Amino acid sequence: MNWRFSAGALLGLALIAQPAIHSPAKVPVTTAARAAHQRLLPLEGGRNFRDLGGYRTADGRTVKWGLLFRSGSMVDLTAGDLGYLNKLGIRTICDYRDHNERKAEPTPWAEGTGPAVFADDYDGMSIGLMPKDMSKITPEAAAKMMATSYPMMLKTFAPQYKRMFAQLLAGQAPLAFNCSAGKDRTGVSAALLLTALGVPRETVIQDYLLTNQYLPAALAKAKTRPSEATGKAFMALPPAVQAAFMKADRAYIEAAFKALDAHRGGAMGYLKDEMGLDKPRIAKLRALYLD
């Protein structure tokens, strides 16, 4: 089959198409973070922007609050939102969007201010999973495409995920990572991070599924408007097809876990081979980000 769009690019066009709807250091937990302890950050213009703190690990420890964040596009953050995030002390952002997504929805910090942003200038339209004739996509086919894309992300975005881990090991936190919806590329990244920290798989899956609770409300408030042909093409799809692309489906993240389990040594083998997380680095990561 002749593929043209990537799943990542699809999520970008889907969201744009929505109508108005260095030396290692011990990482501190900020006072604001201790006081808040909220899963979803109280942001007027946040898109699925949440704290990964509070999750219990298999050995009884807890992920620290106020250090690890996952998010969608930050384009709609208000001045008040930026002030709140600045108080949290976010110093690093790993942005998994391609250059077209970032151009359409830029981060709102003024140039030379705010966190350090790491991103790659790839073309999401060229790396996989959307057929040229979108009119023939069924809900079942859309769901299959999404489930197929998740294992691919483990390979395609491995360099960016590895860079995130490198920043965390260097103590460059609080750190946020994001894509357009905070669901797919971000969801795989969060799954890898929580797994590396020792959070049980079912907890990781439940965190992934929270997107179904938090993303729709954010899109309803979004200030962005429909884009050109790609966004209009998505909006022309039947609602059931749009829903298959936009939802966080357990089958999607489980497809990623199935690929991890198939790696030599399973998920921890993948983290060692592809993320460079040998036992000493895993221990260091857990020392920095677990209580």
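The model shown is predicted, which means the values in this text are computed figures rather than measured ones.

Cut-off values and rules
Residues numbered from 1 in each chain as written. Predicted model: local features only at pLDDT ≥ 70, side-chain atom pairs only at ≥ 80, totals over all residues. Heavy atoms only, no water. Helix = DSSP H or I, 4+ residues; strand = E, 2+ residues; numbered from the N terminus. Buried < 20%, exposed > 50% of the residue type's maximum accessible area, 1.4 Å probe, protein only. Areas by Shrake-Rupley, 256 points an atom, 1.4 Å probe, with all protein chains shown as cover. Pairing = 2+ DSSP bridges. Contact = heavy atoms within 4.5 Å. Axes fitted to C-alpha atoms, helices over the stretch in contact; angles between N-to-C directions.

Turning next to the overall build of the protein chain. For the protein chain, the helix and strand inventory stands at 14 helices and seven strands. Expressed as a percentage of the 291 residues in the protein chain, the buried residues total 55%. For the protein chain, the exposed surface amounts to about 12300 Å²; the carbon and sulfur share of it is 57%.

What follows deals with the sheet that holds strand E3 (residues 68–71). A sheet is described by the order of its strands in space; here five strands give the open sequence E2-E3-E7-E4-E5, paired in mixed fashion. With one partner strand each, in any of the chains shown, strand E2 (50–51) and strand E5 (116–118) form the two edges of the open sheet.

With that out of the way, let us pick up the environment of Gly45. Looking at the secondary structure, you find Gly45 in the loop between helix H2 (31–36) and E2. Residue Gly45 is classed as buried on the basis of its relative accessible area, which comes to 9%. Sequence spacing of Gly45 and Leu82 is 37 residues, and the spatial spacing of their C-alpha atoms is 9.7 Å. Apart from residues lying up to four places away in sequence, Gly45 is in contact with Asp76, Leu77, Thr78 and Asp81.

With that out of the way, let us pick up the environment of Asn86. Tracing the backbone through its elements, the reader meets Asn86 in helix H3 (residues 79–88). According to the relative accessible area criterion, Asn86 is partly exposed, its value standing at 44%.

What follows deals with the packing of helix H5 (residues 139–156) against helix H6 (residues 158–169). As a packed pair, H5 and H6 sit with axes 5 Å apart at the nearest point and diverge in direction by 65 degrees. Contact with H5, carried on its side by Met153, Leu154, Lys155 and Thr156, involves Ala158, Pro159 and Tyr161 of H6 and no other residues of that element.

Turning our eyes to something else, we now look at the pairing of E3. Judged by which residues are buried, E3 turns out to be covered on both faces: Leu68 and Arg70 on one side and Phe69 and Ser71 on the other are all buried. Sheet topology places E2 next to E3; two bridges connect them, and they run antiparallel. Counterpart to Arg50 in the pairing with E3 is Arg70. As paired elements, E3 and strand E7 (residues 175–178) share four bridges and run parallel to each other.

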